[in-house]
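Breakdown of the fold
So you can see what is in the structure, the chains are spelled out below.
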Amino acid sequence: MANDIFKSAKKLGFGLMRLPTKNQNDASDVDFEQMNRMVDLFMERGFTYFDTALMYCGSASEAACKKFLVERYPRDSFTLATKLHSSYINKEEDCDRIFQEQLERTGAAYFDYYLVHDVNIHSIEVYNRLHVFDWAKQKKAEGLVKHIGFSFHDGPELLDKILSQHPEMEFVQIQLNYFDYDNPGVRSRECYEICEKYDKPVIVMEPVKGGTLVNMGSEIESLYKSYNPSASIASWAIRFAASHKNVAMVLSGMSNLEQVEDNTSYMQNFIPLNAEENALINKAVALLNKTKAVPCTGCSYCTEGCPLHIAIPKYFALLNADLKQDPNGTMGWTIQQEYYSNLHKDFGKASDCIKCGQCEEICPQHLNVTRYLEDVAARFGS
């Protein structure tokens, strides 16, 4: 199916969420001179997939596409994806209005790929109430969209339910990287396997986890460089994602020409990871896990007796990932916060803990669980 939908497209997509800017404090002030060079190199090397959304770059990304892409290249020489987010719609008519505005902003005439954006346990209620999946299907029937799918930030159970209810969805965009692959809070591998179950091609977002898998410390970097001195650290993460059979596209949010040069160099004639390379990535993950703030092994002994039904190991995994991605807590928002919000719809919040001590009595690692839950609450909010 991936070949049918994505044809013979190279597996690297240009994510347009973090564009180069002239003013580093204004995400909407796009540096078009640099962006033109980046797009030109990307296209020259045979890559054609561009991914934008209404909210990217201070809501300037779609309009910027018109300048650096749509007005500079024939429409049939590239493919463009954009999205509809639940926060922008309150009634069914909003979908058509926003879609028309997106067509006008981009000047694209049609979209090759259109996504129901950020589907999770909260947003699905909006999408179902406003019949957004049916609406997307209609846009495809009208010829204004070639292929419809959705981006997803939640657990495999919900993903399975959505794909069973909406077989018309042709592809799924998920977060997949080697750090989150078996993270019990994100569960990337399980979500990928659900997509395989329904034979849905996968688009990967966050392959380097917002840069986390680029700046990992000298020990891990030395591990990679000893095997292949010429390969960039980022290439290991992007190739990991692309090596999955059902992955049709890996998005990279490139913000300078050097990143485009690097990514396209090894993805132009993509070679999947071999056994030795996979083994090195497993070593890197083990080293990353050694540095986690909460040394929880995820055994879940603590959860069965919790009177508030708090998802303790899942929350600790998200805290560890968040501290790795944003150690100083200065980013303002990270994807871990969304996963935490999704989880506490079905589980107690970390701040709900009454310090009964049952979790600590049964913890085989003898962790001060209640104190760590205070850290979770402080990090993600009460």
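Everything that follows concerns the structure shown earlier in this document.
What counts, and at which threshold
- Residues numbered from 1 in each chain as written.
- Predicted model: local features only at pLDDT ≥ 70, side-chain atom pairs only at ≥ 80, totals over all residues.
- Heavy atoms only, no water.
- Buried < 20%, exposed > 50% of the residue type's maximum accessible area, 1.4 Å probe, protein only.
- Helix = DSSP H or I, 4+ residues; strand = E, 2+ residues; numbered from the N terminus.
- Pairing = 2+ DSSP bridges.
- Right-handed = clockwise from strand over helix to strand, strands pointing away.
- Axes fitted to C-alpha atoms, helices over the stretch in contact; angles between N-to-C directions.
- Parallel < 35°, antiparallel > 145°, perpendicular 65-115°, else oblique.
- Left-handed = near helix turned anticlockwise from the far one by under 90°.
- Contact = heavy atoms within 4.5 Å.
- Nonpolar A, V, L, I, M, F, W, Y, C, P; charged D, E, K, R; others polar.
- 1 Å grid on protein atoms, 1.4 Å probe; cavity = no way out; pocket = protein on both sides within 12 Å on 5 of 7 lines; lining within 4 Å.
- Points joined across faces, edges and corners; volume = space filled by probe spheres on them.
- Core = buried A, V, L, I, M, F, W, Y, C linked by side-chain atoms within 4.5 Å.
- Salt bridge = Lys/Arg side-chain N within 4 Å of Asp/Glu carboxyl O.
- Disulfide = S-S within 2.5 Å.
- Phe/Tyr/Trp six-rings, centres within 6.5 Å; stacked < 30°, edge-to-face > 60°.
- Lys NZ or Arg CZ within 6 Å of the ring centre and 35° of its normal.

What you see with strand β1 (residues 12-15) is no split at all: L12 and F14 on one side and G13 and G15 on the other are buried throughout. Of the strand pairs in this sheet, β1 and strand β8 (residues 247-252) are connected by three bridges, and their pairing is parallel. Residue G13 lies in a different strand from β8, and its bridge partner there is L251. By the bridge criterion, three bridges tie β1 to strand β2 (residues 49-51) in an arrangement that is parallel. What sits directly across from G15, in β2, is D51. Note on the crossover from β1 through helix α2 (residues 32-44) to β2: the handedness is right-handed.

This part takes up the packing of helix α14 (residues 312-325) against helix α17 (residues 369-380). Contact geometry of α14 with α17 gives a least axis separation of 10 Å together with a crossing angle of 55°. As far as their axial angle goes, α17 and α14 are oblique. Regarding α14 and α17, the two cross each other, and that crossing is left-handed. Along the contact surface, α14 presents I312, Y315, F316, L318, L319, D322 and L323, while α17 presents V369, Y372, L373, D375, V376, R379 and F380. Grouping the constituent residues of the contact of α14 with α17 by class yields eleven nonpolar, no polar and three charged.

Moving on: the layout of surface pockets. Empty space within the largest pocket amounts to approximately 1200 Å³. As for the largest pocket, its lining consists of 42 residues, and the residues nearest its centre are M17, R18, E206, G210 and G253. If you add up the space inside the second largest pocket, you get close to 460 Å³. Taken together, 25 residues form the lining of the second largest pocket, with F179, D182, N183, V285 and N289 sitting closest to its centre.

Time to look at the nonpolar core. If you look at the biggest cluster of nonpolar residues, it comprises 92 residues, and the most contacted ones within it are F50, F150, F152, Y178 and Y224. The biggest single contributor to this core is helix α11 (residues 233-242), with eight residues. With 27 residues, the next largest nonpolar core counts C302, Y340, L343 and A350 among its residues.

Tallied over the full model, the rule gives 24 salt bridges. Between D51 and K83 there is a salt bridge; the shortest N-O distance is 2.8 Å. One end of the pair, D51, is in strand β2; the other, K83, is in strand β3 (residues 79-85), and 32 residues separate them in sequence. Its relative accessible area of 2% is what places D51 among the buried residues. A salt bridge links K197 to D160; its shortest N-O distance comes to 2.8 Å.

Examined against the element boundaries, E125 turns out to sit in helix α6 (residues 123-129). Judged by its relative accessible area of 46%, E125 falls in the partly exposed class.

Strand pairing in a sheet is mediated by backbone hydrogen bonds. Such pairs are either parallel or antiparallel. Within the closed barrel, the eight strands sit side by side as β1-β2-β3-β4-β5-β6-β7-β8. Their pairing is parallel. Sheet twist, expressed as the mean angle between neighbouring strand axes with direction ignored, is 30°. When β3 meets strand β4 (residues 111-119), the two strands line up parallel, connected through five bridges. If you follow K83 over to β4, its bridge partner there is L115.

Let us look at the state of the cysteines. Applying the stated criterion across every chain, the model contains zero disulfides. C57 supplies the cysteine sulfur nearest to C65, a cysteine that is in no disulfide, at a spacing of 8.8 Å.

In this section: the side chain of S86. Among the secondary structure elements, S86 is positioned in the loop between β3 and α5 (93-106). Accessibility expressed as a relative area gives 12% for S86, which makes it buried. Not counting residues within four places of it along the chain, the set of residues in contact with S86 comprises S123, V126 and Y127.

Inspection of the entire model under this criterion finds 25 aromatic pairs. Ring plane angle 10° and centroid distance 5.0 Å describe the contact between F6 and Y113, whose orientation is recorded as stacked. Taken together, the positions of F6 in helix α1 (residues 2-6) and Y113 in strand β4 put the pair 107 residues apart, joining distant regions of the chain. Residue classification places Y113 among the buried residues on the basis of a relative accessible area of 5%. Taking the ring centre of F47 as reference, the NZ or CZ of K10 above it sits at 5.9 Å. The aromatic ring of Y110 is capped on one face by R75, whose charged end is 4.0 Å from the ring centroid.

Right, let's talk about the packing of α2 against helix α12 (residues 257-267) for a bit. Two numbers describe how α2 lies on α12: the axes approach to 9 Å, and their chain directions differ by 10°. In terms of axis orientation, α2 runs roughly parallel to α12. Seen from α2, the contacting residues are Q34, R37, M38, L41 and F42; seen from α12, they are L257, V260, E261 and T264. Looking at side-chain class alone, the contact of α2 with α12 contains five nonpolar, two polar and two charged residues.

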